[in-house]
Structures are given as structure tokens and as C-alpha cells.
Amino acid sequence: MPWNRKALFSLAIAPAVGLTAPAQAAPVVATDSAVYVERIAPDTSRRLEPAIRLARGDRVVTVVRWYRVGGDGGFVITNPLPASVAYEESAADFQDVSVDGGRTWGHLENLRVGTRNATPEDVTHVRWRIPASSAARGRGEIVYAGTVR
């Protein structure tokens with residue numbers, strides 16, 4: 001399947017509600033990203049390659065780098081997942097996920113879809129709250145993985 005970066009990656013950034021004082025300027029944040037596919041060699045070693053072509057079952061790893069270029073306080077980065085990718089995990093434990101298009105958020109183990117527990121395949125959005133203390137460093141990185149459906 002040809003890889004389409006626009007379809008695979010889209011971010012929304014917003015000031016973190018309740019994390020900034022009213023007198024502070026909203027943070028100005030720039031991001032860039034790279035998407036890789038994980039390849040497993042016959043000796044079971046793993047390597048990441050730039051995602052150029054993807055196939056069903058490929059594990060993709062997305063690296064989001066953020067840079068605060070102005071303002072104060074924390075902020076939130078939200079990433080809607082494309083329908084072609086099933087969420088697997090994030091390298092950070094401070095993310096929330098949504099299984100209903102971004103209307104409600106929480107840890108996956110606490111969410112439900114109808115009468116059943118939500119699964120990683122149900123995740124529609126992932127978000128990370130970057131606290132003011134981390135944002136003050138000026139830059140950071142978020143890594144998460146998914147599987148091509």
C-alpha cells in the first residue's frame with residue numbers, strides 16, 4: 001500500500017486547560033514528525049526504516065518532536081489515528097486515548113465501547129498533556145506505535 005503521510009499523521013495543539021495562569025500567553029508550539037516501519041530480520045533483530053510502503057500487519061512507529069517557540073504553560077497535542085492504523089502503545093504513560101472520535105478521553109483500560117471493554121483497535125485519537133514543567137524545557141519527543149490494518 002502506498003504510504004500517505006498526510007493520511008497517517010495529523011496533529012492538533014492547544015493550551016492545556018487549567019495548566020496556565022490567565023495572565024500567561026498561550027504557548028506557541030511547532031511540531032515535526034517521522035513515521036517508520038519496524039522490520040524484523042531473520043536473526044530476530046529489529047530495525048526502523050523510513051515508512052515508504054506499508055502492508056497489512058506492518059508495525060509503524062511515529063516520532064513526534066515538539067518545540068515550544070513562545071508563550072508559557074503546558075499544552076496538549078492530539079493526534080487522530082487514521083482508520084488504516086490500529087493503536088498499539090505509546091512510549092509515554094501520560095497519554096489519554098479516545099474511542100469515540102475525541103468526545104471522551106481516558107486510559108484504554110477504563111474505556112468502553114457499548115457494553116464491552118475498549119480494545120486498542122477501537123482507539124480513534126491519542127493525546128498527550130505536556131505539563132508546564134516539561135514545556136519549559138523547550139522541546140520534547142513523543143513516540144507511539146500502531147499496526148497497519
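Conventions used here
- Residues numbered from 1 in each chain as written.
- Predicted model: local features only at pLDDT ≥ 70, side-chain atom pairs only at ≥ 80, totals over all residues.
- Heavy atoms only, no water.
- Phe/Tyr/Trp six-rings, centres within 6.5 Å; stacked < 30°, edge-to-face > 60°.
- Buried < 20%, exposed > 50% of the residue type's maximum accessible area, 1.4 Å probe, protein only.
- Salt bridge = Lys/Arg side-chain N within 4 Å of Asp/Glu carboxyl O.
- Helix = DSSP H or I, 4+ residues; strand = E, 2+ residues; numbered from the N terminus.
- Pairing = 2+ DSSP bridges.
- Axes fitted to C-alpha atoms, helices over the stretch in contact; angles between N-to-C directions.
- pLDDT = per-residue confidence, 0-100.
- Contact = heavy atoms within 4.5 Å.

Attention shifts here to the packing of aromatic side chains. A full pass over the atoms with the stated rule returns two aromatic pairs. Seen from their ring centres, tryptophan 66 and phenylalanine 75 are 5.0 Å apart, and the 80 degrees between their planes marks the pair as edge-to-face. Each member of the pair, tryptophan 66 together with phenylalanine 75, is buried.

On to the pattern of salt bridges, then. In this structure the tally under the stated criterion is eleven salt bridges. With a closest N to O distance of 3.4 Å, arginine 39 and glutamate 49 form a salt bridge. Of the two residues, arginine 39 is situated in strand 2 (residues 28-40) and glutamate 49 in strand 3 (residues 46-50); the sequence distance between them amounts to ten residues. As a salt-bridge pair, arginine 116 and aspartate 122 come within 2.8 Å of each other at their nearest N and O atoms.

Another aspect to go through is the sheet that holds strand 3. Read across the open sheet, the five strands follow the order 3-2-4-11-6; overall the sheet is antiparallel. Each edge of the sheet is formed by a strand with only one pairing partner; in this case those strands are strand 3 and strand 6 (85-90). This sheet shows a mean twist of 35 degrees between the axes of neighbouring strands, independent of strand direction. Across five bridges, strand 6 lies against strand 11 (residues 139-148) in antiparallel orientation. Across the sheet, the residue bridging to valine 85 is valine 148, located in strand 11.

If you trace the backbone, serine 134 turns up in helix 2 (residues 132-135). With relative accessibility at 18%, the residue serine 134 sits in the buried group. Serine 134 sits 61 residues away from glycine 73 along the chain, and the two C-alpha atoms are 9.1 Å apart.

Our focus in this paragraph is the confidence of the model for the chain. Confidence in the prediction for the chain averages 86 pLDDT; 84% of positions are at 70 or higher. When pLDDT is averaged over each helix and strand of the chain, the minimum, 44, is found for helix 1 (residues 5-8) and the maximum, 97, for strand 9 (residues 116-117). In this model, residues 1-9 is a region of pLDDT below 50 whose contacts with residues beyond four sequence positions or in other chains number 22 contacts. Here residues 17-21 scores under 50 on pLDDT; set against residues more than four positions off or in separate chains, the count is eight contacts.

Let's shift gears to the pairing of strand 5 (residues 75-80). Of all six residues making up strand 5, five are buried, and the element is well covered by its neighbours. Sheet topology places strand 5 next to strand 10 (residues 125-130); six bridges connect them, and they run antiparallel. Across the sheet, residue valine 76 finds its bridge partner in strand 10, namely arginine 129.

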